[in-house]
Amino acid sequence: MAGTWIEVDLDAVVRNYQEVVKHLRSGARCMAVVKADAYGLGAIEVARALERAGCEAFAVTRVEEGLILREYGIRGIILVLGPTTKQEWPRAIAAQLQLTLSELSWIAELNESYSELGCPMPVQVHLKLETGMGRTGFRFSELEQLAISLTKAPQIDVQGVYTHFARAAQRDQRYTLEQYERFSAATIRLEELGICPTWKHVCNSAAFLDYPQWHHDFVRIGTLLIGHYPGQGFSGRLTLSDPWVARSQIVHLRKVPKGTNVGYQSIYRTKSETQLAVIPVGYADGFGLEPHFTPQGWIDFLKIVIKNLAALIGVFLGQERVELKGRSVRVAGKIGMQLTVLDVGMQDCALGDEVVIPLRRTVANPRISRKYIQGGQILSERILEEGISLVSTEYSVVEEFTGEGCR
Ligand SMILES: *Cc1c(COP(=O)(O)O)cnc(C)c1O
């Protein structure tokens, strides 16, 4: 999309990775979670930069995401965290993705799929244990059956066992401690049943910071790598760099008199003579979108009420602001689908001037081009054509992955 782009500083991502590594317990490694296109930064470039920096393991949610990483040359461990389907297994196995096993019924089928492929090595899986997330994984009561099924599935090699915390970023840690207790009890039970996975891993970014004693063999880190803390209480715990800047250029600029209505529903009216500038970005690009916000307490609840009451009488609190030449300027009126109006006052500015926009990483439209910066230079650019397929200036599909596996 001309006029709007995102700069991703890969050096910053690498610095964040190194910062995580510096704080790891000895023996533990960092598994970089690059799901959802590396939280919007771009999974291929982020994983490549991290692999160059020594990262040996990656995690994604879906098989498709893992296959893309392999196709673009990632050689390390790739763990698929989410549930998978039988249709995806042959390709996942051929690309040596490690799969999460979270359903008893898959075991026999996975074993069979694998035997049919005639691979020399077993398929590597990680057992997912359900300890309080309420999403996927084996419950304690299923462990016995799990062990029985696994003994009948010689093609399945249990590499890892893990769980995922639901409230690790919250102040009250009781739930997290309970989850960890359940995880420990389950792994002990598995050992009694003769299942001893090579690796254990439980920590996401928040638990990594709070519980060094739980680092085990891997920590699964996403949020910290992209330069964010998992919650307010964690600020300053590491030295993080922000790899992300979203920019847009003024594509229309006009001087208007006092009392000019701006945008849908005319919720904004200029208070004096001013200049209105249009930038080519809107909510279809993710601008101004916030995730659904659930109040965590009475103060949060009051904030929401006040904000809504104010909006009812035409006062918009927390209106988005952007930065123009180091100055904060406000968005005038509602953010449109692909265009946004700024009230830039009478300051000196011109068509083509750049503004820095606050754009949430995970909802930033993939169509906005990403410029990847390393060593202060643009290393590559990713452009998705409007509704068509991926084109890129730099990517070329590397030779097929040739590990020990089979195809
Ligand atoms: C997303 C995810 C992570 C990473 O969590 P962050 O808090 O972003 O570091 C770890 N584990 C699982 C299973 C996840 O889905």
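1. Side note on the layout of surface pockets
Part 1 of the argument: Estimated volume of the second largest pocket: approximately 470 Å³.
Part 2 of the argument: Lining the second largest pocket are 22 residues, with Asp-37, Ala-43, Ile-68, Pro-366 and Arg-382 sitting closest to its centre.
Part 3 of the argument: Of all elements in the fold, only helix H2 (35-39), helix H3 (43-52), helix H4 (63-71) and strand S20 (377-384) reach the threshold of two or more residues within the lining of the second largest pocket.
Part 4 of the argument: Here the lining of the second largest pocket gets three residues from one element, more than from any other, and that element is H4.
Part 5 of the argument: Its residues assigned to classes, the lining of the second largest pocket comprises 14 nonpolar, three polar and five charged.

2. What about the side chain of Ser-113?
Part 1 of the argument: If you trace the backbone, Ser-113 turns up in helix H6 (residues 104-117).
Part 2 of the argument: Ignoring sequence-local partners within four residues, the contact set of Ser-113 consists of Lys-86 and Trp-89.

3. Let's talk about the packing of aromatic side chains
Part 1 of the argument: The tally for this structure, following the rule as stated, stands at seven aromatic pairs.
Part 2 of the argument: With 3.9 Å between their ring centres and 10 degrees between their planes, Tyr-211 and Trp-214 make a pair best called stacked.
Part 3 of the argument: Assessed through its relative accessible area of 10%, Tyr-211 is described here as buried.
Part 4 of the argument: For Trp-214, a relative accessible area of 6% gives the class buried.
Part 5 of the argument: The ring of Tyr-175 has Arg-167 sitting right over it, with the charged end atom 3.8 Å from the ring centre.
Part 6 of the argument: The side chain of Lys-371 reaches across the aromatic face of Trp-5, ending 4.7 Å from its centre.

4. Let's talk about the site of the ligand
Part 1 of the argument: The environment of the ligand is formed by Val-33, Lys-35, Tyr-39, Leu-81, His-164, Asn-204, Ser-205, Arg-220, Ile-221, Gly-222 and Thr-223.
Part 2 of the argument: Within the side chain of Tyr-39, one N or O atom sits 2.6 Å away from an oxygen atom of the ligand.
Part 3 of the argument: The side chain of His-164 places a nitrogen or oxygen atom 3.5 Å from a nitrogen atom of the ligand.
Part 4 of the argument: Isolated, the ligand exposes 390 Å² of accessible area, and the fraction of that covered by the protein chains is 89%.
Part 5 of the argument: Of all the elements in the fold, those that place two or more residues in the shell around the ligand are H2 and strand S9 (218-221).
Part 6 of the argument: For the shell around the ligand, the per-class residue count stands at four nonpolar, five polar and two charged.

5. Side note on empty space enclosed by the protein
Part 1 of the argument: Following the criterion strictly, the structure yields one cavity of 30 Å³ or more and no others.
Part 2 of the argument: One number sums up the size of the largest cavity: a volume of about 40 Å³.
Part 3 of the argument: Taken together, the residues of the lining of the largest cavity break down into eight nonpolar, one polar and no charged.

6. Details of unusual backbone geometry
Part 1 of the argument: Non-glycine residue Ala-38 carries a positive phi angle of around 50 degrees.
Part 2 of the argument: Relative to the helices and strands, Ala-38 resides in helix H2.

7. Some points on the nonpolar core
Part 1 of the argument: Core analysis: the biggest nonpolar cluster contains 108 residues, and Leu-127 and Phe-208 have the highest contact counts within it.
Part 2 of the argument: Here this core spans two domains, since at least three of its residues come from each of domain 1 (10-229) and domain 2 (251-352).
Part 3 of the argument: Grouped together as the second largest cluster of nonpolar side chains are five residues, Val-256, Tyr-268, Leu-276 and Ala-332 included.

8. Comments concerning the pattern of salt bridges
Part 1 of the argument: Here the structure, examined in full by the defined rule, presents 15 salt bridges.
Part 2 of the argument: The network of salt bridges with shared partners includes Glu-7, Arg-247 and Glu-354.

9. Observations regarding the domain arrangement of the protein chain
Part 1 of the argument: The domains assigned to the protein chain are domain 1 (10-229) and domain 2 (251-352).
Part 2 of the argument: Computed over C-alpha atoms only, the centres of domain 1 and domain 2 are separated by 41 Å.

Each value, and the rule that gives it
Residues numbered from 1 in each chain as written. Predicted model: local features only at pLDDT ≥ 70, side-chain atom pairs only at ≥ 80, totals over all residues. Heavy atoms only, no water. 1 Å grid on protein atoms, 1.4 Å probe; cavity = no way out; pocket = protein on both sides within 12 Å on 5 of 7 lines; lining within 4 Å. Points joined across faces, edges and corners; volume = space filled by probe spheres on them. Helix = DSSP H or I, 4+ residues; strand = E, 2+ residues; numbered from the N terminus. Nonpolar A, V, L, I, M, F, W, Y, C, P; charged D, E, K, R; others polar. Contact = heavy atoms within 4.5 Å. Phe/Tyr/Trp six-rings, centres within 6.5 Å; stacked < 30°, edge-to-face > 60°. Buried < 20%, exposed > 50% of the residue type's maximum accessible area, 1.4 Å probe, protein only. Lys NZ or Arg CZ within 6 Å of the ring centre and 35° of its normal. Near = heavy atom within 4 Å. Polar contact = N/O pair within 3.5 Å; in protein donor to acceptor, adjacent residues only side chain to side chain. Areas by Shrake-Rupley, 256 points an atom, 1.4 Å probe, with all protein chains shown as cover. Core = buried A, V, L, I, M, F, W, Y, C linked by side-chain atoms within 4.5 Å. Domains from an automatic or database assignment. Salt bridge = Lys/Arg side-chain N within 4 Å of Asp/Glu carboxyl O.

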